[in-house]
Amino acid sequence: MKVAQDKKVAVDYKLTVDGKIADQSQPGQPLEFIFGRGMLLPKFEEAILDKEPGEKVSFTLEPKDGYGEIHEEAIVDLPKTIFMVDGKLAEDILFVGSQVPMSDAEGHRMMGTIKEVADETVKMDFNHPMAGKTLNFDVEVVMVRDLTPEDEQGGCGCDCGSDCHCDHDHEEGGCEGGCCH
């Protein structure tokens, strides 16, 4: 069976960025997802379309086909006071590189990375951590099968072993912005 729309697919993969392994599946724990449901980057799915179990493919995604370019307007200085919890500064999270979940004025959840901590402000970067990066993938398709009723009720549709970052009620259908890949 070939990789196609609405098939359950499992892949072993290695993602290399700037000459270093940035992410990879673990032995015996392939990334499983429902093809064509927006769980993965569109160009990733395009690269494995019509592949069969055992087939391998290597491909490169430029930033525009991956997580986009870095947007300077997504890097902002926030008042340090917003990091107060119960009247105390949450110093355990205030360090460069810390990823902090936050909400915007409309209540949309987003993840920010601390770039700098100053006396009165915290510089946060709300770009995706892989924004501006060229992504090099080595992928092997390990399984393709028809969907089961259980697959259809799996929330994000991704079984990657980590928490999906869906910013919606699953009953509304479809992930906004995909899963964790």
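Let me sum up the structure you'll find in this document. Position labels on residues start from 1 in each chain and follow its written sequence. Since the coordinates come from a predicted model, pLDDT governs what is reported: local features require at least 70, and pairs of side-chain atoms require 80 or more to be given and counted, while whole-chain, interface and lining totals use all residues. With hydrogens and water stripped out, all remaining heavy atoms of the structure feed into the side-chain values.

### Structural notes on the sheet that holds strand E10 (residues 121–125)
Part 1: For two strands to be treated as a pair, DSSP must find no fewer than two bridges joining them. Strands here are runs of E lasting at least two residues and helices are runs of H or I lasting at least four, both read from the DSSP assignment and numbered beginning at the N terminus. A sheet is described by the order of its strands in space; here four strands give the open sequence E5-E10-E9-E8, paired in antiparallel fashion. This sheet does not close on itself; its edge strands, each paired only once, are strand E5 (75–79) and strand E8 (99–103). If you compare each strand with its neighbour and ignore which way they point, the axes differ by 45 degrees on average.
Part 2: Sheet topology note: the E5/E10 ladder contains five bridges and is antiparallel. Counted as the bridge partner of Val76 is Met124 from E10. Under this scheme, a helix contributes an axis fitted over its contacting stretch, all axes are lines through C-alpha atoms, and angles between N-to-C directions fall in the 0 to 180 degree range.

### A look at the pairing of strand E4 (residues 56–61)
Part 1: Throughout this description, buried means an accessible area under 20% of the type-specific maximum (1.4 Å probe, protein chains only), exposed means over 50%, and partly exposed covers the range between. Here E4 shows a buried face lined by Val57, Phe59 and Leu61 and an unburied face lined by Lys56, Ser58 and Thr60.
Part 2: Taken together, the six bridges between E4 and strand E11 (residues 135–146) define a ladder with antiparallel strand orientation. Each bridged residue has a counterpart across the sheet, and for Lys56 the counterpart in E11 is Glu140.

### A look at the side chain of Thr113
Part 1: Among the structural elements, Thr113 can be located in strand E9 (residues 109–117).
Part 2: Two residues qualify as a contact provided that any one of their heavy atoms is within 4.5 Å of a heavy atom in the partner residue. Filtering out sequence-adjacent residues up to four positions away, Thr113 remains in contact with Gly97, Ser98, Gln99, Lys123, Met124 and Asp125.

### A look at the nonpolar core
Part 1: Take the buried Ala, Val, Leu, Ile, Met, Phe, Trp, Tyr and Cys residues and link them wherever side-chain atoms come within 4.5 Å; each set so joined is a nonpolar core. Core analysis: the biggest nonpolar cluster contains 24 residues, and Val11, Phe33, Phe44, Ile48 and Val139 have the highest contact counts within it.
Part 2: Elements with a contribution of two residues or more to this core: strand E1 (7–17), strand E3 (31–34), helix H1 (42–48), E4 and E11.
Part 3: Setting aside anything within four residues of it in sequence, one finds Phe44 in contact with Val11, Phe59, Leu61, Phe137 and Val139.
Part 4: Counting eight residues, the second largest nonpolar core, distinct from the first, contains Phe83, Val100, Ile114 and Met124.

### Concerning the packing of aromatic side chains
Part 1: Pairing of aromatic rings covers Phe, Tyr and Trp, the last through its six-membered ring, and needs centres within 6.5 Å; plane angles under 30 degrees mean stacked, over 60 mean edge-to-face, and all others mean tilted. For the structure on display, the rule yields three aromatic pairs.
Part 2: Seen in terms of ring centroids, Phe44 and Phe59 are 5.5 Å apart; in terms of plane orientation they differ by 80 degrees. Their pairing is edge-to-face. With Phe44 in helix H1 and Phe59 in strand E4, this residue pair connects regions lying 15 residues apart in the sequence.
Part 3: Judged by its relative accessible area of 12%, Phe59 is buried.
Part 4: For the ring pair Phe59 and Phe137, a centre distance of 5.3 Å and an interplane angle of 25 degrees mean the geometry is stacked. Of this pair, Phe59 sits in strand E4 while Phe137 sits in strand E11, and the two are 78 residues apart along the sequence.
Part 5: Note on Phe137: relative accessible area 8%, which makes it buried.
Part 6: The rings of Phe44, Phe59 and Phe137 are connected pair by pair, giving a single aromatic cluster.

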